[in-house]
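# Examining the three-dimensional arrangement
Letter by letter, the chains look like this.
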Amino acid sequence: MLRMFTIVLHLVCVTLCLQLQQGVSGHQCLEHPPNLNATSGAGTVTEVGGLKAYVTGPSHSELAIILASDIFGFEVPNLRKIADKVASKAGFNVVVPDFFYGDPYNPNNTQRNLTDWLRDHGTDKGFEDAKRVIAALKNKGVSGIGAAGFCWGGKVVAELSKGYCTKAAVLLHPYLVTLDDIKETKTPIAILAAQFDNSTAPELVKQFKEVLSTNKVDNFVKIFPGVSHGWTVRYNDDNVTAVKSANEAHQDMLDWFTKYVKKT
């Protein structure tokens, strides 16, 4: 009886810990919500693979980068700034799809919490939509494609990295990505993580690195000190330290794509 009680108590503790972790990480996903702007950025909004998308950079380029957003979607001004930066610095055609079909997470909607919203916008659907975008790009002559995912989008890109869908992948403070996901990774992958992230903690990121190296998958793994989940896209422009750290991550992402996508 004592042994059975100990086992049950252990399972209860594990369950409570997981629930606590999910609650905290969900809270981090909601921190610093951006003000959406449908007209922000130097690019244009068009349709790619049946999805509305923000597109920037040379349309004739044979090299493209897909950016998968966090839960706040493709109208986040900072995300579009990142897209413009990748396009202007490296000559990529950058596509930021609206994976949420005009329904990004709205923190002001008290009738629909994050759990409910995620039920309507699963990363599995995002993965299927991303494959449609990739197919559309290839149909128009694009020969090299990279993909980067922020938070929610990190899981979508992790799925893409399992099947040679892209030449390179970058995960920025990913959410819902597991060790099993990383074990299936085949694409050269960079993981840019935060020191303070309850969803993808540094300890887990270090395990990601070990698995990738053991499996001989080209990788670049970096944990940024002093920053929290979401820092690369939900930074405050007035915070010099935050901007510097975000820019460093953006450059790491660009370097990765330049190394693996441009060589094709």
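Preceding this section is the structure that the text describes.
Bear in mind the structure is a predicted one, so any value in this text is a computation, not a measurement.

## As for the overall build of the protein chain
Check the secondary structure of the protein chain and you find eight helices and eight strands. Expressed as a percentage of its 264 residues, the buried residues of the protein chain come to 49%. Across the protein chain, the fraction of contacts at a sequence separation of at least 24, relative to all contacts at a separation of at least 6, is 70%. Counting only carbon and sulfur atoms, one obtains 55% of the accessible surface of the protein chain, whose full area is about 12,600 Å².

## Observations concerning the environment of Ser61
Mapped onto the secondary structure, Ser61 falls in the loop between β2 (51-56) and β3 (63-68). Residue class for Ser61 comes out buried when judged on its relative accessible area of 12%. Separated by 30 residues in the primary sequence, Ser61 and Gly91 have C-alpha atoms spaced 7.3 Å apart. At 3.3 Å, the side chain of Ser61 and the backbone oxygen of Gly91 are in polar contact.

## Remarks on the packing of aromatic side chains
In total, this model carries eight aromatic pairs according to the counting rule given. Geometrically, the ring pair formed by Trp256 and Tyr260 is tilted, given 4.6 Å between the ring centres and 45 degrees between the ring planes. Remark: Tyr260 and Trp256 occur in helix α8 (residues 240-260); sequence separation between them is four residues, near one turn of the helix. Of the two residues examined, Trp256 and Tyr260, each falls in the buried class. The ring of Phe74 carries the charged tip of Arg80 above its face, separated from the ring centre by 5.0 Å. Above the ring of Phe92, the side-chain terminus of Lys262 is found at 5.8 Å from the ring centroid.

## Describing the pairing of β2
The buried fraction of β2 is high, at five of six residues. Note: strand β1 (residues 44-48) against β2, five bridges, orientation antiparallel. Among the inter-strand pairings, Thr46 is bridged to a residue of β2, identified as Ala53. Hairpin geometry of β1 and β2 is characterised by an intervening segment of two residues between the two adjacent antiparallel strands and by a positive phi of about 60 degrees at Gly49. Relative to strand β4 (residues 93-97), β2 is paired through four bridges, and the arrangement is antiparallel. Residue pairing for β4: Tyr54 is matched across the bridge by Val96.

## Concerning the nonpolar core
Core analysis: the largest hydrophobic core is formed by 79 residues, its most contacted members being Leu67, Phe92, Leu137, Val170, Met253 and Phe257. Apart from the residues lying within four places of it in its own chain, the contact partners of Val170 are Ala147, Ala148, Gly149, Val157, Ala190, Leu192, Met253, Trp256 and Phe257.

## As for the side chain of Asp98
Secondary-structure assignment places Asp98 in the loop between β4 and α3 (114-120). Of the side chains with opposite charge, Lys52 comes closest to the buried, unpaired Asp98, at an N-O distance of 5.5 Å. At 2.7 Å, the side chain of Asp98 and the backbone nitrogen of Gly102 are in polar contact. For Asp98, the residues in contact, after removing those within four places along its chain, are Leu51, Lys52, Ala53 and Phe74.

## Section: the pattern of salt bridges
All told, the structure shown has 16 salt bridges when counted by the stated rule. A salt bridge links Asp237 to Lys81; the shortest N-O distance between them is 3.3 Å. Note that Asp237 is positioned in the loop between β8 (219-228) and α8 and Lys81 in helix α2 (residues 77-90), a separation of 156 residues in sequence. Given the relative accessible area of 46%, Asp237 is considered partly exposed. Taking the relative accessible area as the measure of exposure, Lys81 reaches 41% and is therefore partly exposed. Among the ionic pairs, Asp181 bridges to Lys155, the shortest N-O distance being 2.6 Å. Separated by 26 residues along the polypeptide, Asp181 in helix α6 (residues 179-183) and Lys155 in helix α5 (residues 152-160) bring together distant segments of the chain. Accessibility classification places Asp181 together with Lys155 in one group, the buried group. Each member of the salt-bridge network shares a partner with another, and the members are Lys155, Glu159, Lys162, Asp181 and Glu184.

Thresholds, definitions, all that
Residues numbered from 1 in each chain as written. Predicted model: local features only at pLDDT ≥ 70, side-chain atom pairs only at ≥ 80, totals over all residues. Heavy atoms only, no water. Helix = DSSP H or I, 4+ residues; strand = E, 2+ residues; numbered from the N terminus. Buried < 20%, exposed > 50% of the residue type's maximum accessible area, 1.4 Å probe, protein only. Contact = heavy atoms within 4.5 Å. Areas by Shrake-Rupley, 256 points an atom, 1.4 Å probe, with all protein chains shown as cover. Polar contact = N/O pair within 3.5 Å; in protein donor to acceptor, adjacent residues only side chain to side chain. Phe/Tyr/Trp six-rings, centres within 6.5 Å; stacked < 30°, edge-to-face > 60°. Lys NZ or Arg CZ within 6 Å of the ring centre and 35° of its normal. Pairing = 2+ DSSP bridges. Core = buried A, V, L, I, M, F, W, Y, C linked by side-chain atoms within 4.5 Å. Lys, Arg positive; Asp, Glu negative; His and termini not counted. Salt bridge = Lys/Arg side-chain N within 4 Å of Asp/Glu carboxyl O.

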